[in-house]
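# Commentary on secondary and tertiary structure
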Amino acid sequence: MAITAIGVDDGVVRKSEAAALVGAAMISVLIFPLLALRLRARESDVTPHLPQAPATEAW
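What this report covers is the structure whose coordinates are included nearby. (Residues numbered from 1 in each chain as written. Predicted model: local features only at pLDDT ≥ 70, side-chain atom pairs only at ≥ 80, totals over all residues. Heavy atoms only, no water.)

## Some details on the overall build of the protein chain
Stated precisely, the cut-off is as follows: Strands are runs of DSSP state E lasting at least 2 residues, helices are runs of H or I lasting at least 4, and numbering of each runs from the N terminus. Accessibility here uses a 1.4 Å probe with only protein chains present; expressed as a share of the type maximum, an area under 20% marks a residue as buried, one over 50% as exposed, and anything in between as partly exposed. For every accessible area listed, the method is Shrake-Rupley and the probe measures 1.4 Å; residues are considered covered only by the protein chains on display.
Regarding its fold elements, the protein chain presents two helices and zero strands. When the 59 residues of the protein chain are sorted by exposure, 5% land in the buried category. A total accessible area of about 5,900 Å² is found for the protein chain, and carbon and sulfur atoms account for 67% of it.

What follows is the structure, encoded as structure tokens:
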């Protein structure tokens, strides 16, 4: 957000472009973690569970 403010102040970036950049950043911060969690959950449902080694008794 700060870089867009600097760009607007310097006249390099228009306010509408700065708003679009900030909006896209906010969406990516919200969407990508949720998407990753959903993909991770789906992957764990598909992955077969490996058999565990039998527990040994302590003497």
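Structure's up, so let's keep going.
## Here's the deal with the pattern of salt bridges
For clarity, the threshold we go by: The term salt bridge refers to a pairing of a side-chain nitrogen on Lys or Arg with a carboxyl oxygen on Asp or Glu at a separation within 4 Å.
Taken as a whole, this structure holds one salt bridge when the rule is applied. Glu-17 is the salt-bridge partner of Arg-14, the closest N and O atoms lying 3.3 Å from each other. Exposure remark for Arg-14: the relative accessible area of 57% places this residue in the exposed category. We classify Glu-17 as partly exposed; its relative accessible area is 34%.

## A word on a nonpolar patch on the surface
Filter applied, for reference: Any residue with relative accessible area above 30% and no salt bridge may belong to a patch, with like charges joined within 9 Å and the nonpolar Val, Leu, Ile, Met, Phe, Trp and Tyr side chains within 5 Å.
Side chains of Ile-27, Leu-30, Ile-31, Phe-32, Leu-35 and Leu-39 sit close together on the surface and give an oily, nonpolar patch of about 600 Å² of accessible area. For Leu-39, the location among the structural elements is in helix H2 (residues 15-46).

## Notes on the side chain of Thr-4
Defined as follows: Contacts were defined at the residue level, with two residues in contact if any of their heavy atoms lie within 4.5 Å.
Here Thr-4 lies in helix H1 (residues 2-10). Among the residues examined, Thr-4 registers a relative accessible area of 9% and is labelled buried. Filtering out sequence-adjacent residues up to four positions away, Thr-4 remains in contact with Ala-18, Leu-21 and Val-22.

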